[in-house]
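A look at the structure
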Amino acid sequence: MSPSLEARGLTRRFGSFTALDNLNLNIQGSKCVGFLGPNGAGKTTTLKMFTDLIFPTSGEALINGHSVRADRKRALASCGDLIESPEIYPSLTPREALELVGAVRGMSAPDIRSRTDTVLHEVKMADWADSKVGRFSKGMKQRVNIAAALLSDPEVVMLDEPSTGLDPRGMAEVRSIIRELKRENRLIFMSSHILSEVIDVCDEVALVDHGKLLFYDTLANVNARLGKGATSVDLAFVRPVSDADVASRIVNLPGVTGVSRVDPQRLTAMVTGGPEAQSQVLEQLVASKLGLLSFQPSRSALEEVYMREISQGDS
Amino acid sequence: MSTPEAGASGYARSGEGPAIPDTARQALILSRYQLRDYLRSRRFVLMVAIVVFIGAILSLVLAKYNGAGLSSSSDAFYGTLWGGGVYVVIVFAGIIFGGDAIAGEFQNKTGYFLMGLPVKRTSVYAGKFIAATAASVVCVLLYLGILLGNGFYYLGAGAALSGALFESFAIAMLYLLALMGAVFLFSSLFKNSLYAVLVVAILFLFGFSIIDELLQGLVHIEPWFIIDYARQVIGYPFLTTLPPHTSTGMFGITTYNPTYAEGLAIMGGYFLLTAFGGLALFEREEFT
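Residues numbered from 1 in each chain as written. Chains lettered and ligands numbered in written order. Predicted model: local features only at pLDDT ≥ 70, side-chain atom pairs only at ≥ 80, totals over all residues. Heavy atoms only, no water.

With that out of the way, let us pick up the environment of Gln 34 of chain B. By the secondary structure assignment, Gln 34 of chain B is in helix H1 (residues 23–39). Assessed through its relative accessible area of 3%, Gln 34 of chain B is described here as buried. Residues Gln 34 of chain B and Pro 18 of chain B lie 16 residues apart in sequence; the distance between their C-alpha atoms is 23 Å. Among all residues touching Gln 34 of chain B, those that are not within four sequence positions of it are Tyr 89 of chain A together with Glu 105, Lys 128 and Ala 131 of chain B. (Helix = DSSP H or I, 4+ residues; strand = E, 2+ residues; numbered from the N terminus. Buried < 20%, exposed > 50% of the residue type's maximum accessible area, 1.4 Å probe, protein only. Contact = heavy atoms within 4.5 Å.)

Look at helix H5 (residues 138–150) of chain A: 19 Å from first C-alpha to last across 13 residues, which is about the 18 Å you get at 1.5 Å a residue. Most of H5 of chain A sits out of view: 12 of its 13 residues are buried. Each element contacted by the buried residues of H5 of chain A is listed here: strand S6 (79–82), helix H3 (94–104), helix H4 (109–122), strand S7 (156–160) and helix H6 (168–181) of chain A together with helix H6 (110–115) of chain B. (Expected span 1.5 Å × (residues − 1).)

Residues and elements named next belong to chain A. The strand order across the open sheet formed by four strands is S2-S1-S4-S5, and the pairing between neighbours is antiparallel. Looking at which strands have only one partner, the edges of the open sheet turn out to be strand S2 (17–28) and strand S5 (66–67). Of the pairings in the sheet, the one linking strand S1 (residues 4–14) to S2 comprises eight bridges and is antiparallel in character. Each bridged residue has a counterpart across the sheet, and for Phe 14 the counterpart in S2 is Phe 17. Strands S1, S2 and strand S4 (58–63) of the sheet are contacted by helix H1 (residues 43–50), whose axis makes an angle of about 115 degrees with S1. (Pairing = 2+ DSSP bridges. Axes fitted to C-alpha atoms, helices over the stretch in contact; angles between N-to-C directions.)

See the structure below:
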């Protein structure tokens, strides 16, 4: 058995505005899927229909095969979600808020206690477990919300821009939590407009814009697709590289279409041919004894696909 | 690239994980935590302060005027102080605890915390209704306690506890349910807490009274559809003779008084219609 999320012709209109247009998406298995798109693309609308916060104009959302509209309790039973940075009753403590979530989910008291300690520790809120939520910052509340989504150890986790409102350290911690969440038999569906976040934690990506799904594929395939173009690779060396060495030993390498200098020890090379070509360039650079320190393909593959698809949608 | 397709659906997680409690059980769980939130909130402190303030004034007046002529019988004592005053406590409690109960879920975004759980909206609505009513009952009991304290002092232990008082208390609880139903209906109607509280406060503090007076004085019809009209029956247990259903006063103006059964029916009807009406609205509201 594997977790699944499915949208069948999911459509939502607000008057004459179509927020989501006939979304067909079938995600099965244990993976982390990034749901990308610019503001107003329809990401949150989709997630809200998957949690029955808003209702489809037509179509159907299913979690593990259960229709969210027809059988929301069964559909959401194995799903933990975080939609739009919820507020928690201010007089409750995180421990009490999680007790409430656990009790509503039918968890036993010992399970609730043990899982509460675990998830509060995971989100680094254990020290505030018994303080009132009303005194927390937005970031602290978001951590408690993440803990609430994870309390029942759900098979399906839906996160709507989970790092929203967090400082850079908090964002990094949330990404770390999501990476740790990836395990056997868990499907994570995460909306975001932060490409680096998606690249960092996701295995697959679905891109929406103007309420339409533009593509859904693995990140590896997205990178390979871009391989037909050029990938920017950041090169660092332990010692300065002369212009002569650049001209004779780097620019001429197969697959390299151009080199620019960042500083005496750092260059940016444009490499065509995808991951295979990058691998060969790397081998030859090492063999050239120029003192290669790092070879970092720019994580712009998704960004370039994103920009291309979005701009095509605009035209 | 693969094409996303609506292929075979996933499968149920049958037999795995804990059994989700039924709707009623979930409503009780939610009401417990919601009540805890109410009892720790500033609004509860405010409501207690209002009740204590009203009780203190009553106690001071009684002390100043040595029972204020009400210590002759428990019916006179409680008929005036309880029958004539408890509705104020109920109305304030209804506004304070129920006014934004549903609207606040949308405006304050607390609804997003609850509604993503495997719980029916009926449970959330019922849980909040129970909690708001329970918090209001605590305040009504505080008011009753203050009156009973005065009753013991001025009437003596033998007469302080009267059957009429408990009968009236039961009617007051029905009035509280009716009022809370109406408050939840208005709260479900608005996604803005301020609007919900304002409309409820205006209607229940003086709006319904004005409509009641206008209907009787100008249009000469019995305002049986106004909750304010029914609240008079809270004081009936203390009366030896109930007021006539209709009476003609000065200038030929007909005054209406609800019968006992009519008053109870209006309250019961208000409770059922408004509470379920509010639920129907809440079921259809979207968290846009």
